[in-house]
Amino acid sequence: MTLQIAYSPCPNDTFVFDAWAHGRVPGAPALDVTFADIDITNGMAERGEFDVLKVSYAVLPWVLDEYALLPCGGALGRGCGPLVLTREPGAGGPAFRTEGPGGLTGKTIAVPSERSTAYLLFRQWAADVVPGEVGEVVVMPFHEIMPAVRDGVVDAGLVIHEARFTYQRYGLHCLADMGEHWESTTRLPIPLGAIIAKRSLGAETLKLLADSARTSVRMAWDDPEASRPYVLEHAQEMDPAVADQHIGLYVNEFTADLGDAGYAAVRGLLTRAAAEGLVPPLGRDALSFV
């Protein structure tokens with residue numbers, strides 16, 4: 001059996017899936033891998049494409065009838081939330097210097113997707129912190145956001161992935177950390193990316209997939225150098241040191257198993273988002289694995 005899977009070329013995904021993708025996980029199904037950024041895989045999930053996908057937790061309410069959330073392989077964590085960036089004080093306008101987050105009222109902000117965890121965290125943060133509505137929200141590929149902020153195309157940008165390590169290179173200023181706000185108000189880890197698989201594969205196959213993902217990440221931890229060629233091949237424009245930081249931040253105990261805290265974080269994020277009309281409400285057993 002060969003399964004079609006899509007995940008991003010980011011270091012955390014290639015690190016997690018290296019052993020499995022290269023046939024080193026005993027008993028695991030073979031994988032036919034497609035690389036796509038998460039905004040693309042979110043759309044794939046909504047259309048029912050592929051057997052297994054890495055998606056944003058924010059898209060789950062639209063896809064859980066057809067897909068099951070695997071209890072491992074994804075990205076949650078602490079200190080790893082999306083950032084709102086502006087140009088350096090002096091270039092970004094006086095409002096940000098004097099008003100902080102309040103300076104976003106009526107401003108244009110670029111986001112990587114409106115169906116992303118980053119966007120849900122941003123909207124919840126803005127509801128708590130920005131004393132008025134933000135202005136226009138512009139969706140851009142995440143790699144275009146920092147140049148757009150730097151060049152004044154937008155007033156601020158919501159960034160994800162390795163951008164939290166590299167935004168200073170663009171002369172940008174971190175206005176706020178969405179993860180810090182989430183953690184301080186919930187005491188829960190930040191839910192970012194999920195692994196989902198088609199329910200039609202059946203309970204036994206779903207369990208095998210979870211076991212395979214868990215084994216693959218543990219093999220990567222046991223021998224980090226084994227995954228390095230795969231990681232660097234698909235992170236060609238990323239400094240190897242940044243790739244290591246990326247893996248260290250996004251691959252952690254929640255990758256091996258969501259656990260009670262992980263499930264609480266996912267349900268907490270989506271329950272509040274549903275209450276604010278951002279996503280459909282979750283059914284009682286929507287997050288059940290099998």
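Student: So what's going on with the overall build of the protein chain? Which residues, and what values?
Tutor: In terms of regular secondary structure, the protein chain is built from 13 helices and eleven strands. By the compact-globule yardstick of 19 Å for 290 residues, the protein chain fits well, its C-alpha radius of gyration being 19 Å. By its C-alpha atoms, the protein chain is 60 × 40 × 30 Å across when sized along the principal axes. Relative to its 290 residues, the protein chain shows a buried fraction of 56%. Within the protein chain, contacts between residues at least 6 apart in sequence are counted, and of these 79% link residues at least 24 apart.

Student: Tell me about the pattern of salt bridges, and please be specific about residues and values.
Tutor: Scanning all chains against the criterion turns up 13 salt bridges. The salt bridge involving Glu66 is made with Lys198; its shortest N-O contact spans 3.7 Å. Highlighted residues: Glu66 in the loop between α3 (60-63) and β4 (67-69) and Lys198 in strand β11 (residues 190-198), separated in sequence by 132 residues. Taking relative accessible area as the criterion, Glu66 reaches 37% and is therefore assigned partly exposed. Under the relative-accessibility criterion, Lys198 is labelled buried at 16%. One salt-bridge network, in which partners are shared between bridges, spans Asp128, Arg272 and Glu276.

Student: I'd like a description of the sheet that holds strand β6 (residues 83-87), backed by residues and values.
Tutor: Pairing is mixed across the open sheet formed by five strands, whose spatial order is β8-β7-β9-β6-β10. In this open sheet, the two strands that pair with only one neighbour each are β8 (137-139) and β10 (172-177). Across the sheet, the mean angle separating the axes of adjacent strands is 30° when strand polarity is ignored. Two strands pair when backbone bridges link them, and β6 and β10 are joined in this way by five bridges, in the antiparallel orientation. Across the sheet, residue Leu85 finds its bridge partner in β10, namely Cys174. Along the sheet, helix α5 (residues 117-129) contacts β6, β7 (109-111), β8, β9 (156-159) and β10; its crossing angle with β9, the most-contacted strand, is approximately 130°. Across the sheet, helix α6 (residues 142-150) touches β6, β7, β9 and β10, and the angle it forms with β9 is around 160°.

Student: So, the packing of helix α1 (residues 11-21) against helix α11 (residues 240-250): which residues are in play, and what are the values?
Tutor: Look at α1 against α11: their axes get within 8 Å of each other, and the N-to-C directions meet at 70°. Our classification of the angle between α1 and α11 gives roughly perpendicular. Listed contacts from α11 to Pro11, Asn12 and Phe15 of α1 are Ala243, His246, Ile247 and Tyr250. When its residues are assigned to classes, the contact of α1 with α11 shows five nonpolar, two polar and no charged.

Student: Before we move on, could you go through the side chain of Asn42 and cite the residues and values that matter?
Tutor: With respect to the helices and strands, the residue Asn42 is situated in helix α2 (residues 38-47). Setting aside anything within four residues of it in sequence, one finds Asn42 in contact with Val55, Ser56, Val59 and Arg115.

Student: Tell me about the pairing of strand β3 (residues 52-56), and name the residues and values.
Tutor: Here is the key point about a regular strand: its side chains alternate between the two faces of the sheet. Across the five residues that make up β3, a large majority, five, are buried. Two elements, strand β1 (residues 2-7) and β3, share two bridges in a ladder whose sense is parallel. Within β3, the position partnered with Ile5 by the bridge is Val52.

Student: Could you give me a rundown of the nonpolar core, with the residues and numbers involved?
Tutor: Counting residues in hydrophobic clusters, the biggest one holds 57 residues, and the most contacted among them are Leu53, Leu60, Val84, Leu104, Phe122 and Trp125. Examining the composition of this core, we find that seven residues originate from one element, α5, more than from any other. Ranked by size, the runner-up nonpolar core spans 33 residues in total, among them Tyr7, Leu70, Val217 and Ala235.

Conventions adopted
Positions within a chain are numbered from 1, following the residues in the order the chain's sequence is written. Whole-chain, interface and lining totals are the exception, using all residues; otherwise, since this is a predicted model, local features are given only for residues with pLDDT of at least 70 and side-chain atom pairs are given and counted only at 80 or more. Side-chain metrics rest on all non-hydrogen atoms present in the structure, leaving aside hydrogens and water. For helices the rule is a DSSP run of H or I covering at least 4 residues; for strands it is a run of E covering at least 2, with both sets numbered from the N terminus onward. What the globule rule says is 2.2 Å times the number of residues to the power 0.38, and the radius of gyration is computed from C-alpha atoms. Here's how the labels work: a residue is buried when its accessible area is under 20% of the maximum for its type, exposed when over 50%, partly exposed in between, all with a 1.4 Å probe on protein chains only. Note on contacts: a residue pair qualifies if any of its non-hydrogen atoms lie within 4.5 Å across the two residues. One speaks of a salt bridge when a side-chain nitrogen belonging to Lys or Arg is within 4 Å of a carboxyl oxygen belonging to Asp or Glu. Strands were regarded as paired on the criterion that DSSP finds at least two bridges between them. Orientation is described by lines fitted to C-alpha atoms, with helices fitted over the stretch in contact, and by angles between N-to-C directions that extend from 0 to 180 degrees. In these notes the angle categories are as follows: under 35 degrees is roughly parallel, over 145 is roughly antiparallel, 65 to 115 is roughly perpendicular, and the rest is oblique. Note that Gly is not counted as nonpolar here; it falls among the polar residues with everything else outside the nonpolar set of Ala, Val, Leu, Ile, Met, Phe, Trp, Tyr, Cys and Pro and the charged set of Asp, Glu, Lys and Arg. The set of buried Ala, Val, Leu, Ile, Met, Phe, Trp, Tyr and Cys residues whose side-chain atoms join them within 4.5 Å is what this entry labels a nonpolar core.

None of this, on its own, says anything about what the molecule does.
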